[in-house]
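Below are the chains, spelled out letter by letter.
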Amino acid sequence: MTLRTEALTGGYIDPVHDAQSTFRMLMDGMARPGTTKTIVPPVEPPAPLGSAAGAIALALCDNDTPVWLSASMAKSPIAEWIGFHTGAPVTREKSEARFAFFGAGSPVTSFGLFALGSQEYPDRSTTVIIEVAGLERGPRLTLTGPGIRESVEIAPVGLPDMFLRQWADNRALFPRGIDVVLTAGRQVLCLPRTCNISIGEI
């Protein structure tokens, strides 16, 4: 199969250093939920995959991590791009995916359809990356939980409908459940399954 040109370009310039930088940023983001981070390595994946989401794919995906793509992404060269740069296979089965990518504005299906891990191995779950219009100036949400001193406010723009209800159901499964990463352009905001999300101020 001949790969489209878009699949061959736009990866890391310094793959080892850039992947390490992105990985450290994500680990810090998961340890401090609600903190907005900016991806440093210049990554240019095919649309509609954003730069930060693309950098996450390059840093975390490999041939042992099946990837699921939302409908808008599945119709683009993104599967070829991820496959070429990381070797990760694309799956249509949500429960098989280690990472799932949703384009901006895409409806987000029930989190329960993805791999939720087990009581013994809660880490064997899907990490869901959702592209949104922005990480500021949206409806205010309050986060509490581990890694957060008292509380922190976030205000993502374009969070999918039903997200808060889905998140409440997900958090009730702890220690099982998925972790979510919100991305907007080069920015990233991590929401580990341990954090509680409520509307407005506490």
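The rules behind the values
- Residues numbered from 1 in each chain as written.
- Predicted model: local features only at pLDDT ≥ 70, side-chain atom pairs only at ≥ 80, totals over all residues.
- Heavy atoms only, no water.
- Helix = DSSP H or I, 4+ residues; strand = E, 2+ residues; numbered from the N terminus.
- Rg over C-alpha atoms; globule rule 2.2 N^0.38 Å.
- Buried < 20%, exposed > 50% of the residue type's maximum accessible area, 1.4 Å probe, protein only.
- Contact = heavy atoms within 4.5 Å.
- Axes fitted to C-alpha atoms, helices over the stretch in contact; angles between N-to-C directions.
- Parallel < 35°, antiparallel > 145°, perpendicular 65-115°, else oblique.
- Nonpolar A, V, L, I, M, F, W, Y, C, P; charged D, E, K, R; others polar.
- 1 Å grid on protein atoms, 1.4 Å probe; cavity = no way out; pocket = protein on both sides within 12 Å on 5 of 7 lines; lining within 4 Å.
- Points joined across faces, edges and corners; volume = space filled by probe spheres on them.

## Comments concerning the overall build of the chain
Move 1: Of regular secondary structure, the chain possesses 6 helices and 9 strands.
Move 2: Against the compact-globule benchmark of 17 Å for 202 residues, the chain has a radius of gyration of 16 Å, which places it among compact chains.
Move 3: Projected onto its principal axes, the C-alpha coordinates of the chain cover approximately 55 × 30 × 30 Å.
Move 4: Per-residue burial for the chain yields a buried fraction of 49% across its 202 residues.
Move 5: Taking the intrachain contacts of the chain between residues at least 6 apart in sequence as the baseline, contacts between residues at least 24 apart amount to 70%.

## A closer look at the packing of helix α2 (residues 15-31) against helix α3 (residues 51-60)
Move 1: Here α2 crosses α3 at 105 degrees, and the two axes come no closer than 9 Å. Put simply, α2 runs roughly perpendicular to α3. Contacts between α2 and α3 pair Ala19, Thr22, Phe23 and Leu26 from the former with Ala55, Ile56, Ala59 and Leu60 from the latter.
Move 2: Considering only residue class, the contact of α2 with α3 consists of 7 nonpolar, 1 polar and no charged.

## Things to note about the layout of surface pockets
Move 1: Counted as a void, the largest pocket has a volume near 230 Å³.
Move 2: Forming the walls of the largest pocket are 14 residues, and the residues nearest its centre are Met27, Leu60, Phe99, Thr127 and Asp179.
Move 3: Listed by contribution, the elements that provide at least two residues to the lining of the largest pocket are α2, α3 and β7 (179-184).
Move 4: Broken down by element, the residue count for the lining of the largest pocket peaks at 3 residues, all from α2.

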